[in-house]
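# Breakdown of the fold
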Amino acid sequence: MDFSKIKLIIWDLDETFWKGTLSDNDKICLKDELIEFVNATLDRGIVHSICSKNDFDTARSFLEDNGLWDLFVFPSINWEPKGKRIMQILGDMKLRPQNTLFVDDNLSNLREAVYYCPELQTCTPEELADSLDRICLIPAKDPDRTRLLQYRLLEEKNASQKAFSSNEEFLKSCNIRVGLHEDCLSQLDRIHELILRTNQLNYTKFRQNINDLEADLKNPGTKAAYVTVKDDFGDYGIVGFYMIVNGKVVHFLFSCRTLGMLVEQY
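Residues numbered from 1 in each chain as written. Predicted model: local features only at pLDDT ≥ 70, side-chain atom pairs only at ≥ 80, totals over all residues. Heavy atoms only, no water.

## Thoughts on the pairing of strand S10 (residues 222-231)
Stated precisely, the cut-off is as follows: Buried means the residue's accessible area, taken with a 1.4 Å probe over protein chains only, is under 20% of the maximum for its type, while exposed means over 50%, and partly exposed covers the values in between. Numbering of helices and strands runs from the N terminus, with a helix taken as a DSSP run of H or I at least four residues long and a strand as a DSSP run of E at least two residues long. The pairing criterion is simple: DSSP has to find at least two bridges between the two strands.
With eight of 10 residues buried, S10 lies mostly within the body of the structure. Relative to S10, strand S8 (residues 177-181) runs antiparallel, the two being bridged by five bridges. Note on S10: the bridge partner recorded for Leu-180 is Val-227. Of the strand pairs in this sheet, S10 and strand S11 (residues 234-245) are connected by 10 bridges, and their pairing is antiparallel. Bridging across to S11, Ala-224 finds its partner in Met-243. Where S10 folds back on S11, the antiparallel hairpin that results is connected by two residues.

Structure below.
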């Protein structure tokens, strides 16, 4: 497991996130160390989802009663096989398998998930337990949990999109506003994080160190701006960046949260 590359952790529930089987009316025992881990990773910009074979209403009720439901986005809780459901979660969240960790106590489920998503990172709860302390080595860069809030917006948009006959019709209804801002030095840390972590819509994939980035931004021959996006669902914050140094495109990248919004084409 490479936590520096993980953006999403998908959890099984029974005998993974908690001890016991909900549908068997077992006494469910939550694993406090995993709840602490979820909270610690949320503060580090890693979001969490669920792929569980359970009754949706029962599982949701239990998580709500324990104040945990709002820690997860795009939960998939039903009795269908997990491989295709994990593909659906990744598609809805616009994330790549190699940036995702799936945790399940059932090895068959792990193998099925990898069959559908070959680059998916997987582990059992026991394997994860040996790595819980490693998350403390990553700085807490998202204490306000903005990534969690942004994926909640995406979750809400996905639900609303189903009412439209086409994606174009839906996008027109969203009132998307794109802003280009040239005060890049004031957002240096956020821009550098985008450069390091963005893959799908990163057209140069140049992983520049922060000191060289700062020097380029101070260069009189540089044209650069960061991109912000808002729509009627909410504010997505800084989602893109471009930098042209002496006529050469050094960076042109967008967060996967804008995938399908046609922002990069605009």
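## With respect to the sheet that holds S11
Pairing between the strands of a sheet is mediated by backbone hydrogen bonds and can be parallel or antiparallel. To keep it simple, the criterion reads: Every residue pair with non-hydrogen atoms within 4.5 Å of one another is taken to be in contact. Note on definitions: angles span 0 to 180 degrees between N-to-C directions of axes, and those axes are lines fitted to C-alpha atoms, for helices only across the stretch in contact.
Across the sheet, five strands lie side by side as S8-S10-S11-S12-S9; this open sheet has antiparallel pairing. Both edges of this open sheet fall to S8 and strand S9 (201-202), since each of them pairs with a single strand only. Lying on the sheet, helix H6 (residues 146-161) is in contact with S10 and S11; it crosses S11 at an angle near 110°. Sitting on the sheet, helix H9 (residues 210-218) touches S10, S11 and strand S12 (248-254), and the angle it makes with S11 is about 75°.

## Observations regarding the packing of aromatic side chains
Just so we agree on the cut-off: Only Phe, Tyr and Trp rings are paired, with Trp represented by its six-membered ring, and only when their centres lie within 6.5 Å; those with planes under 30 degrees apart are stacked, over 60 edge-to-face, the remainder tilted.
One pass over the structure, following the stated rule, counts 11 aromatic pairs. Centre to centre, the rings of Trp-18 and Phe-62 are 4.9 Å apart; their planes meet at 75°, and the pair counts as edge-to-face. Residue Trp-18 is located in strand S2 (residues 18-19), and its partner Phe-62 is located in helix H2 (residues 56-65); the two are separated by 44 residues in the primary sequence. With relative accessibility at 0%, the residue Trp-18 sits in the buried group. When the ring of Phe-164 is compared with that of Phe-170, the centres are 5.5 Å apart and the planes differ by 65°; the resulting orientation is edge-to-face. Assessed through its relative accessible area of 28%, Phe-164 is described here as partly exposed.

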